[in-house]
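# Structural characterization, general
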Amino acid sequence: MSLTSIVTQMLMGLTVGANLILLATGLTLVFGLMEIINFAHSALFMLGAYVGYTTYRLSGSFWLALLMAPIAMALLGGVLERFLLRPLREKYPTSHLLPLLLTFGLTLFFEGVAKMIWSADIVSLPKPAVLGGVITPAGVTLPIYWIFALVTAGVLVCGLWLLVERTALGLKIRAATQDPTMAAILGVDVKRLNTAVFALGSALAGVAGVVLGALTSLYPQMGLTFVIDAFIVIVIGGLGSFKGAILGSLLLGQVQSFGVALLPEFTNPLVFLVMAVILIFRPSGIFGAVQRRS
Amino acid sequence: MNRRRFLKTTATLAATAALPAFVREVGASTPIRVGIMLPLSKVMTALGDSTLSGLMFGHKQFGAEIDGRPIEFFREDDASDPSLGLSKVRKLVEKDNVDIVIATVSSGVAAAIRNYLHDSKRLWLNPIATNDTLAEKECSKYHFRFSASGWQIAAPLGTWGKAKLGDRAYVLASNYAYGQQTSAHFKKTFTAAGGTIAGEAFPPLGTNNFAPYFQPMRDAKPPFAFVNLVGSDAVAFVKQYAEFGMQTIKVIGPVNLIDETLLPAQGEAAVGIYSISYYTPSYDIPRNRWYSKAYKEFAPGKEPDHFNAAGFDLMQALYGAVKSTRGDVSNKEKLIQWIESAKLDSPRGPLRFDPKNHNPIQDQHIRIVEAKPLRSVVVDTLKDSTHPDGGCKLA
């Protein structure tokens, strides 16, 4: 491999990683606080993309689409948490299976709804003209939109980090993540916190839907392929760990990118091989939390 | 449930189950029962929907009755899942008592239902599924295909590509049976014609980001690439291929890479891509001009494509065959004979079936995508494309 090829593969791996970050952060945030494996993340991602698509069709503005999708998904996510997940979790506080089944069912339901509203046809969300074109630093072709997707992932990561580490809300989230009962005793409204965090995770799915939708295409099952990779990422990184989700995304991106270039026949198994090796040495993932008291 | 209620329910159920058999005895005015199984949910929904629309268009064209007997459709969704497909076909045959089964799009499902339909001796009209084996070792006299075999939409590209596009080619196809088989066909004819393979890649089905695949492809410096991807993978690839400025490497592939269901989503990025198909909406012959107009009137907002065109042709064959038996659909031999000797006036051009394997014999078009209007136009026609002998013994 020439130097250009190596640099290109690294950059391409970075774009794959950035795409995964957009999804994995929302997923891991919700898991960290609520210990829910949120399958509905894929549906919220897909609906976010379609809300963006419809906004674009009505207004002609990509930026408005990028604004509306997270707002709509935050509202929907908040409603789902408050009126479906919360009652279920209050009735069966020890069950991990029931919330999983609920969110899985919601995914199927929303896929059906999307098919009714937008049909099963594959459609495209156009990119804004400003983000068209390519730059070619040192002979590497980089479309501007891909840089935009990278930057978006970076901005979201920084924003979330600031929120979790530097604000009062973040302090409550960290407290409730570590020990919800104690946090509640000390006056944190854990229920409202759950709703807020679920809404935030959903908003992130909405952003991801628009940004990645414009990169690929929109169809009712679009969430599935993305979210499966995101699940691999958070398992590698450690369920519920924010740092882990980012590191896992970047790692998986590089594995996929160099796998394609060096071991084309073996790319897919390679991802799972890396996952298996990591889990052998770190059974709860790279930054996996120590088993929490129940 | 108490015992009395149980007995009552059982009796009602038994009576209902016995009903179809009883109705069948009545004769001439009883419906002709036709099963339709297509993917109407999950990843292949758009393809199943379009195929169904073509079938219904044919049904509307040729009338609700044949010799005074109405046609009754039993519709099932296989969700492109082989095991689900098999159980749905069993239901169609055993519960709904259909004489004719129309199925399906997914090659995996077609492979799964082949033995059952063959053994139950139902006429099987296959609108789309492209499995080569159905024209080879796994052929069945009850089966007719209305699209093309995998060989027909890949192998001719090797010879044509060598003659028209260059001596070296890259191969990129989804890592599953259809992608692998079509790549093998292409490589075989391309190398036989004297070409060399510059490199290959098999991305997993459901790949969203093709960026890592482009640099290895550039490094191989091929004049053109054989690409076989389906659905959203095809849309993502075509968009990203253009974004990364890869157009110096020409792309050629089976129709599914840039078919009419995907072209609007791919947009300008698809311009210049070559493909092969048995049907091209812009193909300028009278029958196709009629079809395009009539289909758009039937399905406002929808476009003619190779799915609905195959569905329409299937209905032509179904009506013709059933008419030849004067509505006696139990006479499978006569139905088969009629289709074997039929010359259908198809929107794709002349269509007939190979008596050796029941695979279509038809012209295959090489097309290129044009910008305004955005569509594929025919640049070359390969006459009478025929699936090669692969050891099929019709029985």
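Residues numbered from 1 in each chain as written. Chains lettered and ligands numbered in written order. Predicted model: local features only at pLDDT ≥ 70, side-chain atom pairs only at ≥ 80, totals over all residues. Heavy atoms only, no water.

### Some points on the overall build of chain B
Scanning chain B from N- to C-terminus turns up 12 helices and 15 strands. The globule rule puts the C-alpha radius of gyration for 395 residues at 21 Å, and the 22 Å found for chain B is close to it. Seen along its three principal axes, the alpha-carbon backbone of chain B occupies a region of about 75 × 50 × 45 Å. Restricting the contact set of chain B to residue pairs at least 6 apart, pairs at least 24 apart contribute 69%. Approximately 15300 Å² of chain B is accessible, and the part contributed by carbon and sulfur atoms is 55%. When the 47 basic and 39 acidic side-chain charges of chain B are each reduced to a single mean position, those positions are 3 Å apart. (Helix = DSSP H or I, 4+ residues; strand = E, 2+ residues; numbered from the N terminus. Rg over C-alpha atoms; globule rule 2.2 N^0.38 Å. Contact = heavy atoms within 4.5 Å. Areas by Shrake-Rupley, 256 points an atom, 1.4 Å probe, with all protein chains shown as cover. Lys, Arg positive; Asp, Glu negative; His and termini not counted. Charge placed at Lys NZ, Arg CZ, Asp CG, Glu CD.)

### Focus on the pairing of strand β1 (residues 32–38) of chain B
Residues and elements named next belong to chain B. Summarising burial for β1: seven of the seven residues are buried, a large majority. Of the two faces of β1, the one lined by Ile32, Val34, Ile36 and Leu38 and the one lined by Arg33, Gly35 and Met37 are each fully buried. Looking at chain direction, β1 and strand β3 (residues 69–77) are connected through seven bridges and run parallel. Paired with Met37 across the strands is Glu76, a residue of β3. Here β1 runs beside strand β4 (residues 100–103); their pairing, made up of four bridges, is parallel. Across the sheet, the residue bridging to Val34 is Ile100, located in β4. (Buried < 20%, exposed > 50% of the residue type's maximum accessible area, 1.4 Å probe, protein only. Pairing = 2+ DSSP bridges.)

### Regarding the state of the cysteines
All names here are of chain B. Counting across every chain of the model gives one disulfide over all chains. Paired by a disulfide, Cys139 and Cys392 hold their sulfur atoms 2.2 Å apart. Between Cys139 and Cys392 the sulfur-sulfur dihedral comes to about 95 degrees; the bridge is accordingly right-handed. With Cys139 in the loop between β5 (123–126) and β6 (143–145) and Cys392 in the segment after β15 (375–385), this residue pair connects regions lying 253 residues apart in the sequence. The pair Cys139 / Cys392 is uniform in exposure class, with both members buried. (Disulfide = S-S within 2.5 Å.)

### Quick word on the environment of A:Thr103
All names here are of chain A. By secondary structure assignment, the location of Thr103 is in helix α4 (residues 97–118). Given a relative accessible area of 1%, Thr103 falls into the buried group. When the C-alpha positions of Thr103 and Ala43 are compared, they lie 9.2 Å apart, and in sequence the two are 60 residues distant. Residue contacts for Thr103: discarding those within four places in its chain leaves Ile36, Ile37, Asn38, Phe39 and Ala40.

### Quick notes on the confidence of the model for chain B
All names here are of chain B. Confidence in the prediction of chain B, expressed as mean pLDDT, is 91, and 93% of residues score 70 or more. In this model, residues 15–26 is a region of pLDDT below 50 whose contacts with residues beyond four sequence positions or in other chains number seven contacts. For this predicted complex, the interface score ipTM comes out at 0.90, alongside a pTM of 0.87. (pLDDT = per-residue confidence, 0-100.)

### Comments concerning unusual backbone geometry
Residue and element names in this part refer to chain B. Between Ala103 and Thr104 the backbone carries a cis peptide bond, its omega angle lying at -10 degrees. Inspection of the secondary structure puts Thr104 in the loop between β4 and α4 (107–119). Here the phi dihedral of Ser80 falls at roughly 50 degrees; this positive angle occurs in a residue that is not glycine. With respect to the helices and strands, Ser80 occurs in the loop between β3 and α3 (82–95).

### Here we look at the interface of chain A and chain B
Many structure descriptions define interface size as the accessible area lost when the parts assemble. On the side of chain B, 31 residues touch chain A, which itself brings 34 residues to the contact. Looking at the side of chain A facing chain B, the largest losses of area belong to A:Ile122, A:Trp146 and A:Val260, adding up to 19% of the total buried there. There are two salt bridges connecting chain A and chain B. The tally of links from chain A across to chain B stands at 14 residue pairs in polar contact (both at pLDDT 80 or more). Counting residues per element, the ones that place at least two in the side of chain A that touches chain B are α1 (3–34), α8 (190–215), α9 (222–237) and α10 (242–262) of chain A. (Buried area = accessible area lost by both parts, 1.4 Å probe. Salt bridge = Lys/Arg side-chain N within 4 Å of Asp/Glu carboxyl O. Polar contact = N/O pair within 3.5 Å; in protein donor to acceptor, adjacent residues only side chain to side chain.)

### Here we look at the nonpolar core
With 116 residues, the main nonpolar core has A:Tyr50, A:Tyr145 and B:Phe237 as its most contacted residues. Not counting residues within four places of it along the chain, the set of residues in contact with A:Tyr145 comprises A:Phe62, A:Lys127, A:Pro128, A:Leu131, A:Val210, A:Val211, A:Ala214 and A:Leu215. (Core = buried A, V, L, I, M, F, W, Y, C linked by side-chain atoms within 4.5 Å.)

### What to know about the packing of aromatic side chains
Taken as a whole and judged by the stated rule, the model has 38 aromatic pairs over all chains. Considering the side-chain rings of B:Tyr291 and B:Phe312, the 5.2 Å spacing of their centres and the 45 degrees angle between planes classify their relative orientation as tilted. In this pair, B:Tyr291 is assigned in helix α10 (residues 286–298) and B:Phe312 in helix α11 (residues 306–324), connecting sequence segments 21 residues apart. Residue B:Tyr291 shares its accessibility class with B:Phe312, and that shared class is buried. Taking the ring centre of A:Phe83 as reference, the NZ or CZ of A:Arg82 above it sits at 5.1 Å. (Phe/Tyr/Trp six-rings, centres within 6.5 Å; stacked < 30°, edge-to-face > 60°. Lys NZ or Arg CZ within 6 Å of the ring centre and 35° of its normal.)

### Comments concerning the packing of helix α2 (residues 45–62) of chain B against α11(B)
Residues and elements named next belong to chain B. Between α2 and α11, the least distance of the axes is 7 Å, while the angle of their chain directions is 40 degrees. Viewed along their axes, α2 and α11 adopt a mutual orientation that is oblique. Every pair of crossing elements has a handedness; the one defined by α2 and α11 is right-handed. Facing Leu47, Ser50, Thr51, Gly54, Leu55, Phe57, Gly58, His59, Gln61 and Phe62 of α2, the residues of α11 in contact are Phe307, Asn308, Gly311, Phe312, Leu314, Met315, Gln316 and Tyr319. (Axes fitted to C-alpha atoms, helices over the stretch in contact; angles between N-to-C directions. Parallel < 35°, antiparallel > 145°, perpendicular 65-115°, else oblique. Left-handed = near helix turned anticlockwise from the far one by under 90°.)

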